[in-house]
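Examining the three-dimensional arrangement
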Amino acid sequence: MMATIGRRRSSEAEELEVGTGGDSEEEMEDSSEDEQENEAEIQRLEEQLSISAYDYNCHVDLIKLLRQEGELEKLRAARQKMSELFPLTEELWLDWLKDEILMAEGSTDREKVYELFEKAIKDYICPEIWLEYAQYSIGGIGQQGGIERARAIFDRALTAAGLHMTKGVAIWEAFREFENAILGTLQASPGSILTPEQQEMVNAQLERIHTLFKRQLGVPLLDMETTYAEYEEWADELPSESVTQLYKKALQQMEKRKPFEESLLVADPPKLAEYQAYIDFEMKEGDPARIQVIFERALSENCLVPDLWARFTLYLDRQLKIKDLVLSAHERAVRNCPWIVGLWKRYLLALERHNAEHKVITDSSKELEELRSAYSRGLDYLKQDIEQRFGESGDPSCTILQNWARIEARLCKNMQKARELWDRIMTKGNATYANMWLEYYNLERAHGDSQHCRKALHRAVQCTTDYPEHVCDVLLAFERVEGSLEDWDLAVEKTETRLNRVNEQRAKAAEKEALLTKQEEEKNMQRKKGRSEKKAAKKAQKQALPGDKRKADEEEWGTQIDQPNKKPRALELEEAEEEDLSTECGLFGRKSKTKILETPALQKQKAAVATRNKVLHDDSKDNLTVFVSNLSYSMPNPEERLKEMFESFGEIADIRPVYNNRGLFRGYCYVEFKEEKAVTSALRLDRQVLEGRPMFVSPCIDKTKNPEFKVFRYSTSLEKHKVFISGLPFCCTKEELEEICKEHGNLKDIRLVTNRSGKPKGLAYAEYENEAQASQAVLKMDGMVIKDHTISVAISNPPQRKQTTKVESSRSSGSLLPRQVYGARGKGRTQLALVPRALQRLPVPAANTENGTWKDQDGNSKGDSSAVGETKKMTNADFAKMLLKK
């Protein structure tokens, strides 16, 4: 095995050697041009990193070019710098380790490689790195203590990654091969006799190998049957009963976990959902070692998912509570997701919980300056990024400045700095609030002197506008304890003067408010008086009409008419439909009464309009029907246009557009299919743009029977793989936004939010394949400028809508109007109630009953008394009579 490892290392060294003997001149010219381009690119990347050191992709590209050019010293420095800023992936570590192994010559270089391996295993738990580490340690077994060192590294590798169901087998097999190789060196050649000491060493080595087999057979790993067969062959006897029982138990555990492993094998990276299911299973099983391993496997492929780190660290804090393990996980969490405040808070709590030693800082002033610098940067961020962008303060109560002042006063004993900070707080518009002055007074009382306390309270008395009485009481209480008689007299004089002025201001404000109320009441009275005068004038105008006109109007309408040339629109429509009201009125009354002759063509046209207006819908076919709305009113031939859109989903039974009384299209219709599966396919056209407007396609469901049914197909909860973009220019197209978003991950969908008319709102949603890509997009795109518009990008988490109370369908039992039935999307914005209030609240006529017989107002008998509650069917003339009596 040692020779195999040596041959592998030498072959890797030969692969790196570059020969130029057989190169032609053209190939050399091409290579020189490539070298120049690479050097220019390396220089550009180095300049870019000098400006932005946290550009991850720039680090990776630089390392790749330096490795290609063979710049070993620059390559080592670039890798070292990147490892200080970021945790490296498994591929980056393996490339680095292999390069260092090839360049290692003496024992000193070998120790440096060991140190590099120790750094590599701290970023992520990777079986490949542990296997490489163990195999590299085999090369040093010739040195003093080399065998014990290699054996210790193998033991650590089994502890860290030996439970990995798919990749842990390689570490177990390498460990057994290593122990078998040692056994071969201890055994003498055939025929020779071993000394007692040598035989004891051989027996001890055989016991180690037996123990390794037993340990491996007790761990659920893939291909366990092969390991069991190898053990039987190696031992030349059947395994003991205890080993067999351990093997069967592990085999059962492996069968339970096999479906999860198979789902991971077929899933596409980063396999977050599959890992979450696997973690949930292991949490229920309750084996801490296996829970830790599955978390480490998931984090190696989803290192930028903060929720996964939070769940892992929370489990370690509450369950294992092992100091080294807990602190290591917290440190790796903040290195991978340094922008998550919650991870930093948990890290600090874990350090305090495990009594971690603070770093010894020789220069305390430097530490203080760093703290002050951190506060200053936080305030600058609030001013530049919050106040300027959103137009409002990010810290209206100045909590950061208050904490800073408290630290300066209590810990740094620097009251002068604390007073300067409080002066900044008061100049930010907080000088009128009593609670802010009392907070400052308490700070002076605890860490300052009585002179500054008195000065603060005197200023508070003059400036406070919300609770001046409370501040005055505090000043008097302070002078009663701390002040002299002169101080007390001055405080009483100032508080009385201030309170008198406050009372005067409040009295003036109350008088002004009363005056405004009185003026408003007078205006209301004038408006009522004007309306009554106008009503009286109209009544007088009605009474002044000529007698012949009044008589003629009464013959036609049965009552008076207010303005014959301005009839209600409903009456005009009735006149156009009924022949007995088709009259032509002159200036002084009825001029003539003639019938309108209708041609057969006109009658046919009216019948067609009446047929189109009445759209009969069969509720039993709701499962075969979709409701299409928000269509353009000016759409020509809606039936043909919609048939072209929907016929690809299945055979159409009927298309029923809805028209108004004039025969104009109302913008919605019903599309009925012959098969139910076509309805599901047709719903995919929802919000597709048709003639400049988004077309709404929803199931045909009666909202009165299913009030909880929602047709909004997008999620209204937190979606960590989707980002919400606001502040976009209205001229930004979907294609332009897609070009910007796809630079940060694989896009599944992108949607521009528009209003009902199809005009953009400046908002959009971009859906990525996983949470890591969405988080990367938020970091890179938030604050980006697109066409002079600064956009905001955040994880999609729409606010919850307020739940409105349900309105009862029937407002009054005596209403004569049928209840309005709306479409599947509810009542639209333009569906106004245009019915007069007089028609909504028709008075029930007084009924006279005598001896079981009901009589109307004219004294006509209507039968028995059971007819009192029935509503009389009214004609157009009855409606007109009722309206003109009002």
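The shown structure was predicted, so the numbers you read here are calculated from the model rather than taken from an experiment. (Residues numbered from 1 in each chain as written. Predicted model: local features only at pLDDT ≥ 70, side-chain atom pairs only at ≥ 80, totals over all residues. Heavy atoms only, no water.)

Another point: the sheet that holds strand E3 (residues 625–629). Spatially, 5 strands are ordered E4-E5-E3-E7-E6 in an open sheet, and the strand pairing comes out antiparallel. The strands lining the two open edges of the sheet, one partner per strand, are strand E4 (652–659) and strand E6 (688–690). Mean inter-strand twist for the sheet, computed between neighbouring axes without regard to direction, equals 30 degrees. Relative to strand E5 (residues 665–673), E3 runs antiparallel, the two being bridged by 4 bridges. Across the sheet, residue Phe-627 finds its bridge partner in E5, namely Tyr-670. On top of the sheet, helix H28 (residues 638–646) reaches E3, E4, E5, E6 and strand E7 (693–699); it is set at about 140 degrees to E4, its chief contact. (Pairing = 2+ DSSP bridges. Helix = DSSP H or I, 4+ residues; strand = E, 2+ residues; numbered from the N terminus. Axes fitted to C-alpha atoms, helices over the stretch in contact; angles between N-to-C directions. Contact = heavy atoms within 4.5 Å.)

The next thing to look at is the sheet that holds strand E10 (residues 760–768). Taken together, 4 strands build an open sheet; the order of strands is E9-E10-E8-E13 and the sheet is antiparallel. In this open sheet, the two strands that pair with only one neighbour each are strand E9 (747–754) and strand E13 (792–796). Sheet twist, expressed as the average angle between the axes of neighbouring strands with direction ignored, equals 25 degrees. Bridging between strand E8 (residues 719–726) and E10 involves 4 bridges; their strand directions are antiparallel. Its bridge partner lying in E10, Phe-724 is registered against Tyr-765. Along the sheet, helix H30 (residues 734–741) makes contact with E8, E9 and E10, crossing E9 at roughly 140 degrees.

Our next topic: the pairing of E10. In the sheet, E9 pairs with E10 via 7 bridges, with the strands oriented antiparallel. Bridging from a neighbouring strand, Leu-747 pairs with Tyr-768 of E10. Here E9 hands over to E10 after 5 residues, with Gly-758 in that stretch at a positive phi of 90 degrees.

Attention now goes to the nonpolar core. In terms of nonpolar packing, the biggest core is built from 96 residues, with Phe-117, Ile-129, Trp-130 and Leu-308 touching the most fellow members. Broken down by element, this core gets its largest block of residues, 8 residues, from helix H9 (residues 168–186). Setting aside its immediate chain neighbours within four residues, Leu-308 contacts Leu-272, Gln-276, Ile-279, Phe-295, Ala-298, Leu-299 and Asn-302. One finds Leu-421, Ile-425, Tyr-440 and Val-461 within the second-largest nonpolar core, a separate group that totals 32 residues. (Core = buried A, V, L, I, M, F, W, Y, C linked by side-chain atoms within 4.5 Å. Buried < 20%, exposed > 50% of the residue type's maximum accessible area, 1.4 Å probe, protein only.)

Before going further, it helps to examine the packing of H9 against helix H10 (residues 196–217). Where H9 contacts H10, the axes come no closer than 10 Å and their chain directions differ by 165 degrees. What the angle tells us is that H9 and H10 run roughly antiparallel. Classified by chirality, the crossing of H10 by H9 is left-handed. Residue-level contacts link Val-169, Trp-172, Phe-175, Arg-176, Glu-179, Asn-180, Ile-182, Leu-183 and Leu-186 of H9 to Met-201, Val-202, Gln-205, Leu-206, Arg-208, Ile-209, Leu-212, Phe-213, Arg-215 and Gln-216 of H10. Looking at side-chain class alone, the contact of H9 with H10 contains 12 nonpolar, 3 polar and 4 charged residues. (Parallel < 35°, antiparallel > 145°, perpendicular 65-115°, else oblique. Left-handed = near helix turned anticlockwise from the far one by under 90°. Nonpolar A, V, L, I, M, F, W, Y, C, P; charged D, E, K, R; others polar.)

Positionally, Lys-271 belongs in the loop between helix H12 (241–266) and helix H13 (272–285). For Lys-271, which is buried and forms no salt bridge, the nearest opposite charge comes from Glu-301, at a distance of 4.2 Å. (Lys, Arg positive; Asp, Glu negative; His and termini not counted. Salt bridge = Lys/Arg side-chain N within 4 Å of Asp/Glu carboxyl O.)

When the terminal C-alpha atoms of helix H11 (residues 224–235) are compared, their 17 Å separation across 12 residues agrees well with the 16 Å that a helix rising 1.5 Å per residue should span. When we look at burial in H11, the residues that qualify are Met-224, Thr-227, Tyr-228, Tyr-231 and Ala-235. For H11, the arc enclosing every buried residue in end-on projection is 100 degrees, short of the 170-degree limit, so these residues lie on one face. Of the residues flanking the end of H11, it is Asp-236, one or two places downstream, whose phi is positive at about 60 degrees. (Expected span 1.5 Å × (residues − 1). Arc of directions from axis to C-beta.)

What follows deals with the packing of aromatic side chains. What the rule picks out here adds up to 25 aromatic pairs. Each ring, one from Tyr-441 and one from Phe-478, has its centre 6.1 Å from the other, and the planes form 85 degrees; the classification is edge-to-face. Of this pair, Tyr-441 sits in helix H21 (residues 434–447) while Phe-478 sits in helix H23 (residues 468–482), and the two are 37 residues apart along the sequence. Of note, Arg-110 hangs over the ring of Tyr-136, and the distance from its end group to the ring centre comes to 4.2 Å. Above the ring of Tyr-114, the side-chain terminus of Arg-149 is found at 3.7 Å from the ring centroid. (Phe/Tyr/Trp six-rings, centres within 6.5 Å; stacked < 30°, edge-to-face > 60°. Lys NZ or Arg CZ within 6 Å of the ring centre and 35° of its normal.)

The next subject is the packing of helix H7 (residues 127–138) against H9. Close contact between H7 and H9 brings their axes to 10 Å; oriented N to C, the two are set at 10 degrees. Relative to H9, H7 is oriented roughly parallel. Where H7 approaches H9, its residues Pro-127, Trp-130, Leu-131 and Ile-138 are matched on the opposing element by Ala-170, Ile-171, Ala-174 and Phe-178. In terms of residue class, the contact of H7 with H9 is made up of 8 nonpolar, no polar and no charged.

Take unusual backbone geometry next. Following Pro-269, the chain continues into Pro-270 via a peptide bond in cis, with omega recorded as 5 degrees. Looking at the secondary structure, you find Pro-270 in the loop between H12 and H13. The backbone phi angle of Cys-398 is positive, close to 55 degrees, even though this residue is not glycine. Tracing the sequence through the fold places Cys-398 in the loop between helix H18 (364–390) and helix H19 (399–410). We note that Asp-788 has phi near 65 degrees; this positive angle belongs to a residue other than glycine. Within the fold, Asp-788 resides in the loop between strand E11 (785–786) and strand E12 (789–790). Judged by its relative accessible area of 76%, Asp-788 falls in the exposed class.

Residue placement: Leu-222 occurs in the loop between H10 and H11. Exposure remark for Leu-222: the relative accessible area of 26% places this residue in the partly exposed category. Between the alpha carbons of Leu-222 and Leu-251 there is a distance of 9.0 Å; along the sequence they are 29 residues apart. Those residues in contact with Leu-222, other than ones at most four positions away along the chain, are Met-165, Thr-166, Val-169 and Met-254.

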